[in-house]
Amino acid sequence: MTAINLTDMDSGQVINEIVKNGGEGITRCIQCNACASVCPVAQAGFPLYGRLLIKKLQTGHFEEIIEDPSSWACQACNRCTEICPRDARPFEIVFAFRRIQAQELAISASAFTPLMNLYETGHAVYSESSKELRAKVGLPQEPPTSVGSEKAKEEIRTLLDNGPMGDLGIF
Amino acid sequence: MAKVGVYVCHCGSNIAGVVDVQAVEEFARTLPEVTVARRNLFMCSDPGQEIIRQDIRDGLVDKVVVAACTPRTHEPIFRRVLEVEGLNKYLFEMANIRDQDSWVHAHDKKGATQKAKQIVASAVAKARNLAPLEDKYVDVEKAALVIGGGVAGIFSALDLANMGNKVYLVEKEPSIGGVMAQLDKTFPTNDCSACILTPVMVDAGNHPNIELLTYAEVESVDGYIGNFDVKIRKKQSYIDWNKCTGCGACAEACPVRVPNEYNAGLDNRPAAYIHFPQAVPKKAVIDIDACLNCAGRKIGRELKISKKTGKPLLAPCERACPAGAIDRSLNLDPKGELVEARVGAIVVATGFKVMEKECFKNLAPDSPNVMTALQLERLISATGPTEGKLLRLTDMRKPKTISFLSCVGSRDENHHTYCSRVCCMYMIKQAKLLKEKYQDLEIYMHFMDVRTPGKDFDEYYTSALAMGIHIIRGRVGGIDKLPGDRLRVQGYDADLSSNIEIDADMVILASAIELPETIKPLAQKMSLTLDGSGFFKELHPKLKPVETAVEGIFLAGCCQGPKDIPDTVAQAKGAAAAAAVPLSQGRVKIEPIISEIITDRCSGCGICVPLCPYGAISMDSVHEKPRAVIDITQCKGCGVCTTACSSSAIQLHGYTEDQIMSQIQALTA
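Here the residue index of a chain counts from 1 through its sequence in written order. Labels are handed out in written order, letters beginning with A for the chains and numbers beginning with 1 for the ligands. Totals for whole chains, interfaces and linings use all residues, but because this is a predicted model, local features are given only for residues with pLDDT of at least 70 and pairs of side-chain atoms are given and counted only at 80 or more. Side-chain numbers here rest on the full set of heavy atoms in the structure, without hydrogens or water.

(A) Examining the pairing of strand β12 (residues 227-234) of chain B more closely. Residue and element names in this part refer to chain B. Taken together, the eight bridges between strand β11 (residues 216-224) and β12 define a ladder with antiparallel strand orientation. When the bridges of β12 are listed, Val-218 appears paired with Ile-232. Here, strands pair whenever DSSP counts at least two bridges between them. Strands are runs of DSSP state E lasting at least two residues, helices are runs of H or I lasting at least four, and both sets are numbered from the N terminus onward. In this structure, the hairpin formed by β11 and β12 is closed by a connection of two residues, where Gly-226 is found at a positive phi of approximately 95°. One ladder, built from seven bridges, connects β12 with strand β17 (residues 337-343); its direction is antiparallel. Note on β17: the bridge partner recorded for Asp-229 is Arg-342.

As structure tokens, then:
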């Protein structure tokens, strides 16, 4: 592996982008690794878990990591933010990065299905096979949520279409 | 018949956890001339001491043996017990059954108990032969010598002077101020160093009790606490300081240019110069090694009159001096002037030096754009070579990228194993000052780990992060020189787990703080020892932090180990307080455990004279024959002379031959 030349990296601009997207704690991170110790993303073996993602962003890496799917594995469990001794709020930085990834259409394939589900049913996790299962136990096939309400689904679609997600033109 | 009392200490479980103290107590009762034997959980506690006191009051004992921890810390405590009860305090003997027994034989309880019995038997044997000794006192000279005019020396001198003592403040440079006078600003408050130091320097310079001896060095130190005889060599300045007004006209006239020590060699100064603008005293000196003797004006050469003009041929400095302080016709002694002083106490505050960049071959030391942090300090100071502007001296252009390298020579088995303690903080300070001034400057700092242990220090460090200064974990391996005077820093980022490179315009080395080699002869002159790190060794790292093994000599500042300014000032004030104790007491005790020459037995062979490490023994004529004599004020009771004397003519009180022999007998019985 060749050495990374940090001189060419515009870390200031990358940090600014993260701050603009809600990750203003990024300059407070001192790489203590407390967040990594509790992170399910790290435990699951994704390479770019919280603290390493922050380090890459702090040093101006951007192009190299924009396609990395690790951030989409974040379960939003918030444990990193609870444990962080410097109030860097790593979870917010991961989500800021995810927002930038979405703007760059660098959304992980694993995230597409839930996203489309959300648009179509109002649920990120929803499967057609649940209808049969529900019928078996005597429940209505469609749950009394957005799934069964055209009006609710329409509202959700309107929200998504008119928000930043809509601008991406993926729906 | 002696009445020996034996007191066995449990020392909590330190001793009793290993040694069968009850068995030792019972054994002690069987020893000859032992009248009582007792034991206690802590003999040094108040109830423990009371047991001994009661036995003395009851007339049961007249000699005391305590079997316990160590005489190093506890002998004075038990001696005082005897003294309080009216018994001579030297009729006490300590049996060391902790340090030399239970601690080292924790695995062998039976053996340790046996050894404890033998140690107690030996102590009892000696105690039976102990004789009372009397303390002696000598008067103290109410004056102090402070060696070194940096911030440590200045504060020690001021405190001692304010207590009413005469103080000689010796500084080798023409002005006091030391390294602190070279600094731009100070962490973590970013105070201007000169602004806070200069008034204190002026105070020291004007204090009626302080005799300022700058441009001077200590030549010799003799004597002992209360009465040190010191010789101080005032270097020849070649300028009459009584007349010099510090106007600097001579410096302007002087054509010579040599590296300027005050600016850490970044620019040049003339041969006739004033140390720095805020110098105290503000007096000029002529650096005679650099002087060109303009117009043939060698020192001591008669004044010539020009045949052409009829005017005297003067050197430019002579001509320029409006005060008439320079007269090169005078036959000035190049050795300067010797000042003798008698002082009661000495504070050593000789300071430190930073390692030069030349020590680090892998860090491109030949590039002028690689500099030590002290040099950067001068570069960013308003009184520095660029008047505070950050410019590369190679092209006088502002750098865009700067890399700071920590632990250069520190925490390194090849140089110094210790942490130099202030580098992390001063590098952060320099980075912050630069980033505040030049926001477009990219600053990288390479650390093994950031060490910021101090009040408000860590907050200072994290504020640097928030300013966008890049902190990189990983020590730098080398620097490559690139075309255009740029430097490629080869590093590693442990957080990224990746090699990194930085193309920097300037690289700053936080080189290690060390004791200058030139101080070692001074240490020898004062019989002071250096520690494993090469700094002056304090008497005890925790409880005697300003004292030395030589009574009456105290330490302050970085000569004792790396320190920041607050710690230096605190220690300097501590050293002054400790040095003031003998001065204010007016007299000091001389331990009676010292050697005596029995002149009748002395053969005058003189073998003891060179062996004495304190120079206490000399030869004198007694009944027209050479005989050894001992200066009781110099003798430290080490006993070297007694072991060497082939005629058994030297007796060490408290360790006489019969006492030692009875101990050996008891041990080998």
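(B) Here's a closer look at the confidence of the model for chain A. Residue-level confidence of the predictor is what pLDDT reports, using numbers from 0 through 100. For chain A, per-residue confidence averages 91 on the pLDDT scale, and residues scoring 70 or more make up 99% of the total. At the level of individual helices and strands, chain A shows its lowest average pLDDT in helix α10 (residues 164-167) of chain A, which scores 86, and its highest in helix α6 (residues 90-103) of chain A, which scores 95.

(C) Seen up close, the packing of aromatic side chains. Ring pairs shown here join Phe, Tyr and Trp side chains whose ring centres sit within 6.5 Å, with only the six-membered ring taken for Trp; geometry is labelled stacked below 30 degrees between planes, edge-to-face above 60, and tilted in between. On inspection of all chains with the given rule, the structure shows six aromatic pairs over all chains. Measuring from ring centre to ring centre gives 5.8 Å for Phe-78 of chain B and Phe-92 of chain B, while their planes differ by 25°; the resulting arrangement is stacked. Residue Phe-78 of chain B is located in helix α3 (residues 71-84), and its partner Phe-92 of chain B is located in strand β4 (residues 92-96); the two are separated by 14 residues in the primary sequence. Phe-92 of chain B carries the same exposure label as Phe-78 of chain B, and that label is buried. The lysine or arginine in question, Arg-98 of chain A, covers the ring of Phe-95 of chain A, its NZ or CZ lying 4.3 Å from the ring centre. To sit over a ring, a charge needs its Lys NZ or Arg CZ within 6 Å of the ring centre and within 35 degrees of the ring normal. Here the guanidinium or amino end of Lys-432 of chain B rests over the ring plane of Tyr-460 of chain B, the centre of that ring lying 4.3 Å away. Each residue's exposure class comes from its accessible area (1.4 Å probe, protein chains only) as a fraction of the maximum for that residue type: buried when under 20%, exposed when over 50%, partly exposed otherwise.

(D) Structural view of the interface of chain B and chain A. The contact definition used throughout considers only heavy atoms, calling two residues in contact when any of these lie within 4.5 Å. With 24 residues of chain B at the contact, the number on the chain A side is 19 residues. Summing the contributions of chain B and of chain A, the shared interface buries around 1,700 Å²; its carbon and sulfur component is 51%. Considering only the side of chain B, the residues that lose the most area to chain A are Asp-495, Leu-496 and Glu-501 of chain B, jointly responsible for 32% of the buried surface there. Take a side-chain nitrogen of Lys or Arg and a carboxyl oxygen of Asp or Glu: if they are within 4 Å of each other, that pair is a salt bridge. Summed over the shared surface of chain B and chain A, the result is three salt bridges. The residue Asp-493 of chain B makes a salt bridge to Lys-55 of chain A at a minimum N-O spacing of 3.1 Å. Two N or O atoms form a polar contact when they lie within 3.5 Å of each other; inside protein one atom must be a possible hydrogen donor and the other a possible acceptor, and for residues adjacent in sequence the pair counts only when both atoms belong to side chains. Where chain B packs against chain A, one counts ten residue pairs in polar contact (both at pLDDT 80 or more). Buried area: the accessible surface (1.4 Å probe) lost by two parts on joining, summed over both.

(E) The state of the cysteines, seen in detail. Our working definition of a disulfide is a cysteine sulfur pair at a distance within 2.5 Å. Applying the stated rule across the entire model yields one disulfide over all chains. Each sulfur in the disulfide pair Cys-192 of chain B and Cys-195 of chain B lies 2.4 Å from the other. Judged by the sign of its S-S torsion, about 80°, the bond between Cys-192 of chain B and Cys-195 of chain B is right-handed. Here Cys-39 of chain A is not cross-linked by a disulfide; its sulfur's nearest cysteine counterpart is in Cys-80 of chain A, at 6.5 Å. On the basis of relative accessibility, which here comes to 13%, the residue Cys-39 of chain A falls in the buried class. There is no disulfide at Cys-80 of chain A, and the cysteine sulfur nearest it, in Cys-77 of chain A, is 6.1 Å away.

(F) The arrangement of the sheet that holds strand β2 (residues 34-40) of chain B in detail. All names here are of chain B. Here four strands make up an open sheet; going across it, the order is β2-β1-β3-β4 and the pairing parallel. A single partner strand is all that each edge strand has here, and the edge strands are β2 and β4. Neighbouring strand axes in the sheet, compared pairwise and without regard to direction, differ in orientation by 15° on average. Of the strand pairs in this sheet, strand β1 (residues 4-9) and β2 are connected by six bridges, and their pairing is parallel. Bridging across to β2, Val-4 finds its partner in Val-34. Helix-sheet contacts for helix α1 (residues 21-29) involve β1 and β2, and the interaxial angle to β2 is about 170°. Axis definition: a line fit to C-alpha positions, over the contact stretch in the case of helices; interaxial angles, taken between N-to-C directions, run 0 to 180 degrees.

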